Number of protein chains: 2
Amino acid sequence: MTTPRNENDLIRRIEKRFRGARSKGLRLGLGDDAALWRPRPGCETVLTCDWFLEDCHFFREKHPADAVGWKCLARAVSDIAAMGGQPRCFLLSLALPRELAGSWFDGFLLGLRRASTALGCELAGGDTTRRDKVLIHITVIGEVRRRALLRSGARTGDAIFVSGTLGEAELGLRQLLHKQGIARPANQELRKHLYPQPRLALGRWLRDRQLATAAMDLSDGLSSDLRRLCLASGVGARIDFRSLPVTGRVPPDEARRLGLHGGDDYELLFTVAKKNLGKMPTQFGGVKLTRIGEITRSRPMVVDDAGKLQKLEARGWDPFRS
Amino acid sequence: MTTPRNENDLIRRIEKRFRGARSKGLRLGLGDDAALWRPRPGCETVLTCDWFLEDCHFFREKHPADAVGWKCLARAVSDIAAMGGQPRCFLLSLALPRELAGSWFDGFLLGLRRASTALGCELAGGDTTRRDKVLIHITVIGEVRRRALLRSGARTGDAIFVSGTLGEAELGLRQLLHKQGIARPANQELRKHLYPQPRLALGRWLRDRQLATAAMDLSDGLSSDLRRLCLASGVGARIDFRSLPVTGRVPPDEARRLGLHGGDDYELLFTVAKKNLGKMPTQFGGVKLTRIGEITRSRPMVVDDAGKLQKLEARGWDPFRS
């Protein structure tokens with residue numbers, strides 16, 4: 001695969017890789033000034049976007065190119081899952097160094113196309129340019145029927161739930177950083193870090209059944225994201241440290257700290273009114289659902305470790321923290 | 001203005017600056033996982049996005065911070081103008097060096113807010129992170145009634161028109177690069193480069209009257225953009241070199257070369273069927289409209305300089321050209 005002679009070359013390779021099925025609502029995709037989109041009757045459009053930047057979110061010499069393609073879309077789609085929506089199409093903006101425009105770019109497109117097919121989210125447009133580092137920006141357009149899941153609906157006394165296992169992706173990142181060369185998805189932690197699975201079916205189910213009073217996805221880590229949910233809802237929270245669903249691959253207390261603060265899990269965090277607790281299963285579609293605490297009236301978030309209460313500081317991922 | 005302690009600080013400053021009117025179709029803006037959007041009945045949603053990167057699209061030591069804010073939104077909105085649409089809201093993704101998070105950031109937000117108000121395009125969400133260079137990515141969401149203006153409708157014999165004056169922004173860029181320090185909008189060329197005006201009213205008028213068979217905006221330069229319109233329509237073009245509406249500030253032939261290849265004008269390029277030529281005014285809303293050539297059956301684009309024909313190569317802005 002040769003390097004591109006010009007920007008149109010690059011765009012043609014993207015178009016070729018994504019030729020095929022078109023999302024129903026997408027009236028006009030690649031190749032004009034803008035895309036045209038119309039949601040199904042009764043639906044609202046959900047809009048979200050995410051950076052995915054070399055040397056910040058991924059490393060050229062560590063992350064497989066196809067995992068970069070998969071993950072940049074999957075993590076943006078995760079915001080749609082958190083609203084109980086369905087992804088439909090996306091805009092890919094890409095800045096690429098010339099030396100990566102060959103086989104690296106092919107690997108990237110392969111992973112991106114695989115995510116696009118798996119998540120039902122078609123390429124609708126974007127912008128390309130050249131840069132010394134890979135810059136990726138993804139805008140996802142989805143749709144949701146009435147009553148999208150919001151962050152702001154949690155009420156005092158609601159139970160706090162999470163899906164899946166927390167902290168695995170952070171552990172996978174540590175493994176990846178300590179090894180030489182391109183990582184392989186050799187175990188569950190590395191798979192979770194490299195190829196996250198947005199919880200689309202769970203989000204839709206929670207919305208359809210009107211079971212969640214509030215929901216968001218876990219991208220920066222439970223302690224940081226729960227704080228955002230609490231602020232949006234005007235409430236506090238008490239987390240039961242020992243209830244956290246964490247990995248068994250490291251000692252329990254280390255695993256729980258990873259579960260509290262580790263980023264990149266893309267699990268769902270949601271709250272359920274007490275009266276609906278009986279309707280909550282222990283797993284959904286093979287993903288376990290765990291009650292990890294309770295929404296409180298008082299604002300500071302606390303962790304309850306077998307009766308010992310400690311203030312829970314937001315210590316997840318924050319690019320601006322000193 | 002102090003540097004931010006964390007990402008939430010930065011987001012709060014953005015929210016504060018954009019507090020106020022909300023776009024009608026925007027059901028949920030900042031502060032949740034995603035924005036919720038619903039176009040007016042009978043309208044489709046128009047989606048477009050653009051990079052605006054330090055050291056590529058602007059220079060920290062040359063461009064005023066408020067011009068960076070204005071231009072990043074104005075140029076993205078220009079794609080909506082080219083479809084005959086109306087911008088409604090936008091997603092701002094921003095990567096910022098810590099040392100610019102103070103007064104530079106305030107200036108940036110001031111210009112962005114001014115563009116947002118002037119263009120009727122409300123902030124709906126985005127993503128922020130830290131980076132050693134400023135990276136800006138804008139996604140604009142607009143709406144358009146049926147029959148959006150597309151690139152693909154030009155037919156043999158259609159007249160080719162452009163709005164405004166071509167090449168001025170490129171001349172403004174040259175002036176800016178040859179001067180020390182932060183540029184001021186001291187003349188028309190610098191104003192055009194720093195504070196471009198998307199041709200929204202013209203685009204809507206062309207769409208409403210169904211006068212344009214094809215349209216796009218001029219971002220990379222006439223020779224590159226016309227080529228895209230010709231490819232999309234499966235036609236060629238003949239441009240009358242001497243008819244190009246160009247600046248009088250440099251010798252005529254230099255001005256015309258700037259007009260052919262200079263980027264960043266954000267004027268509209270459109271085609272009009274011969275039968276409708278009588279309905280075309282010479283100006284619209286104070287912006288002149290100039291007939292510059294004709295769509296041809298034969299594919300290569302040519303320039304006609306007083307009877308002497310030359311092949312027109314796409315020599316506008318291309319980040320990947322060797």
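Bear in mind the structure is a predicted one, so any value in this text is a computation, not a measurement.

Scoring rules and cut-offs
Residues numbered from 1 in each chain as written. Chains lettered and ligands numbered in written order. Predicted model: local features only at pLDDT ≥ 70, side-chain atom pairs only at ≥ 80, totals over all residues. Pairing = 2+ DSSP bridges. Helix = DSSP H or I, 4+ residues; strand = E, 2+ residues; numbered from the N terminus. Axes fitted to C-alpha atoms, helices over the stretch in contact; angles between N-to-C directions. Domains from an automatic or database assignment. Contact = placed C-beta atoms within 7 Å. pLDDT = per-residue confidence, 0-100. Least-squares fit on C-alpha atoms with pLDDT ≥ 70 in both. Buried ≥ 20, exposed ≤ 12 C-beta atoms within 10 Å, placed from the backbone. Right-handed = clockwise from strand over helix to strand, strands pointing away. Left-handed = near helix turned anticlockwise from the far one by under 90°. Nonpolar A, V, L, I, M, F, W, Y, C, P; charged D, E, K, R; others polar.

1. Some points on the sheet that holds strand 3 (residues 43-53) of chain B
Across the sheet, six strands lie side by side as 1(A)-2(A)-3(B)-6(B)-4(B)-5(B); this open sheet has mixed pairing. At either end of the open sheet lies a strand with only one pairing partner, and these are strand 1 (26-28) of chain A together with strand 5 (122-130) of chain B. Direction aside, neighbouring strands of the sheet carry axes that sit 25 degrees apart on average. Pairing analysis gives eight bridges linking strand 4 (residues 86-96) of chain B to strand 5 of chain B, with the strands arranged parallel. Of the residues in strand 5 of chain B, the one forming a bridge with L94(B) is T128(B).

2. As for the domain arrangement of chain A
All names here are of chain A. Annotation of chain A at the domain level lists domain 1 (7-145) and domain 2 (159-311). Relative placement of domain 1 and domain 2: their C-alpha centres are 26 Å apart. At the interface, 17 residues of domain 1 touch 20 residues of domain 2. For the side of domain 1 that touches domain 2, the leading source of residues is helix 2 (residues 65-82), giving ten residues.

3. Comments concerning the pairing of strand 14 (residues 308-311) of chain B
Residues and elements named next belong to chain B. As paired strands, strand 13 (residues 302-305) and strand 14 are joined by four bridges and run antiparallel to one another. Residue pairing for strand 14: D305 is matched across the bridge by K308. Connecting strand 13 to the next strand, strand 14, in antiparallel fashion are two residues, including A306 with a positive phi near 50 degrees.

4. Some thoughts on the confidence of the model for chain A
On average, residues of chain A carry a pLDDT of 92, and 96% of them reach 70 or more. Two numbers describe this predicted complex: its pTM, 0.92, and its ipTM, 0.90.

5. Description of the sheet that holds strand 5 (residues 122-130) of chain A
Pairing within the open sheet is mixed, and its six strands lie in the order 5(A)-4(A)-6(A)-3(A)-2(B)-1(B). Each of the sheet's edge strands pairs with one partner strand only, and the pair in question is strand 5 of chain A together with strand 1 (26-28) of chain B. Direction aside, the axes of adjacent strands within the sheet are offset by 25 degrees on average. By the bridge criterion, eleven bridges tie strand 3 (residues 43-53) of chain A to strand 6 (residues 135-145) of chain A in an arrangement that is antiparallel. Of the residues in strand 6 of chain A, the one forming a bridge with D50(A) is I138(A).

6. Side note on the relation of the copies chain B and chain A
Once chain B has been moved 0.0 Å along the axis and rotated by 180 degrees, it coincides with chain A to within an RMSD of 0.0 Å. Such a combination of turn and shift is consistent with a two-fold rotation axis. Comparing interface residues between copies, 100% of those in chain B also sit at the interface in chain A, which points to an isologous, same-surface contact.

7. Thoughts on the pairing of strand 4 (residues 86-96) of chain A
All names here are of chain A. In terms of burial, strand 4 is largely enclosed, as eleven of its eleven residues are buried. Strand direction decides the pairing type here: strand 4 and strand 6, joined by nine bridges, are antiparallel. In the sheet register, L92 faces strand 6, and the bridge partner there is I138. Between the parallel elements strand 4 and strand 5, the chain passes through helix 3 (residues 103-119) in a crossover that is right-handed.

8. Considering the packing of helix 2 of chain A against helix 3 of chain A
All names here are of chain A. Taken N-terminus to C-terminus, the directions of helix 2 and helix 3 make an angle of 35 degrees; their axes are 6 Å apart at the nearest point. Considering only the axes of helix 2 and helix 3, their crossing is right-handed. Contacts between helix 2 and helix 3 involve A65, D66, A67, V68, G69, W70, L73, A74 and V77 from the former and W104, G107, F108, L109, L110, G111, L112, R114, A115, S116 and L119 from the latter. Of the residues contributing to the contact of helix 2 with helix 3, the split by class is 14 nonpolar, four polar and two charged.

9. Some words on unusual backbone geometry
All names here are of chain B. Even without being a glycine, Q210 presents a positive backbone phi close to 50 degrees. Given 12 C-beta atoms within 10 Å, Q210 falls into the exposed group. The phi angle at Y266 is positive, at roughly 55 degrees, despite the residue not being glycine. Relative to the helices and strands, Y266 is located in the loop between helix 8 (252-261) and strand 10 (268-272). In this structure Y266 comes out as buried when scored by C-beta crowding, with 24 C-beta atoms within 10 Å.

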